[in-house]
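Letter by letter, the chains look like this.
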Amino acid sequence: MNFSELTKAYKKFLKDIKKRKKEFLSNKNNKLKILKELCFCILTPQSKATKCWSAVEEIFKIGFPKCRKSMIEKILKSKVRFYKNKTNYLFEVAKKFDLIYKIINKNFEPQILRKVLVKEIKGLGLKEASHFLRNIGYSFDLAILDRHILRNLVKLKVIKTLPKSLKEKEYITIEQKFINFSKKIKIPLVDLDLLFWASQTGFVFK
């Protein structure tokens, strides 16, 4: 994707992007929606986002977290990778969710809250924590550096090559480059993330 293709796609998807951002903001004070988004983000590593969200809808439909672990494993097995580990992560986060909810409502700076969440929640790295905070409308200024974002940043010459791994220092460095690029082309960071996804899939998702 070059810059002209990017701006053309932005015009095409802008209405849907605005709608999705409103949905994220509407999640901010809804405890159940926040838990669902947290579960979604825990499931996403190396798995398809649409299947992860489908799994979240299913597990809550059967009464998660007040249900047997085997029932959750059965649902996750066909939808996400590392389903046994992720099942454990979901139950662990459910046990401490009241504490996490209190932390979220202390109004920390987004970067600080992201670090706290990564420390407190198993299965949540910088990427997943950024994704979570975006999806609950807490911050639209953190980068979700997954593979599709990184590939687009290479194509747009924001970064030279795909990183082999993303430790905290490298994550923050690339995030800042992405933020600077966003400011330069005058398209908000959150819009770019949703746009990159939509350009590949044909629809705006989470």
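Residues numbered from 1 in each chain as written. Predicted model: local features only at pLDDT ≥ 70, side-chain atom pairs only at ≥ 80, totals over all residues. Heavy atoms only, no water.

Participant: When you look at the packing of helix H3 (residues 49-61) against helix H4 (residues 69-77) in this model, what are you seeing that I'm missing?
Facilitator: The axes of two packed helices give the description: the angle between them and the distance between them. Running from N to C, H3 and H4 point in directions that differ by 155°, and their axes come no closer than 10 Å. Here H3 is positioned roughly antiparallel relative to H4, judged by the angle of their axes. Once H3 is placed against H4, the crossing between them reads as right-handed. Judged by residue contacts, Ala55, Glu58 and Ile59 of H3 engage Ile72, Ile75 and Leu76 from H4. Here the residues of the contact of H3 with H4 sort into five nonpolar, no polar and one charged. (Axes fitted to C-alpha atoms, helices over the stretch in contact; angles between N-to-C directions. Helix = DSSP H or I, 4+ residues; strand = E, 2+ residues; numbered from the N terminus. Parallel < 35°, antiparallel > 145°, perpendicular 65-115°, else oblique. Left-handed = near helix turned anticlockwise from the far one by under 90°. Contact = heavy atoms within 4.5 Å. Nonpolar A, V, L, I, M, F, W, Y, C, P; charged D, E, K, R; others polar.)

Participant: Quick question: what am I supposed to make of the pattern of salt bridges here?
Facilitator: Opposite charge on two side chains permits pairing when their charged atoms draw close. Inspection of every chain in the model, using the stated rule, returns 12 salt bridges. The shortest N-O distance in the salt bridge between Glu23 and Arg20 comes to 2.6 Å. With a gap of three residues between them, Glu23 and Arg20 both fall in helix H1 (residues 3-26), about one helical turn apart. Here Glu23 falls in the partly exposed class, since its relative accessible area comes to 32%. (Salt bridge = Lys/Arg side-chain N within 4 Å of Asp/Glu carboxyl O. Buried < 20%, exposed > 50% of the residue type's maximum accessible area, 1.4 Å probe, protein only.)

Participant: How do you make sense of the nonpolar core when you look at a structure like this?
Facilitator: Generally speaking, nonpolar side chains in soluble globular proteins are found buried as a group. Residues Leu38, Phe64, Leu90, Leu117 and Phe132 are the most contacted members of the largest nonpolar core, which totals 42 residues. Top element by residues in this core is helix H2 (residues 31-43). It accounts for eight residues. If sequence neighbours within four positions are ignored, Leu90 has contacts with Cys39, Ile42, Leu43, Ile59, Phe64, Ile72 and Leu76. Judged by nonpolar contacts, the second largest core, of 31 residues, contains Phe13, Ala143, Ile179 and Ala198. (Core = buried A, V, L, I, M, F, W, Y, C linked by side-chain atoms within 4.5 Å.)

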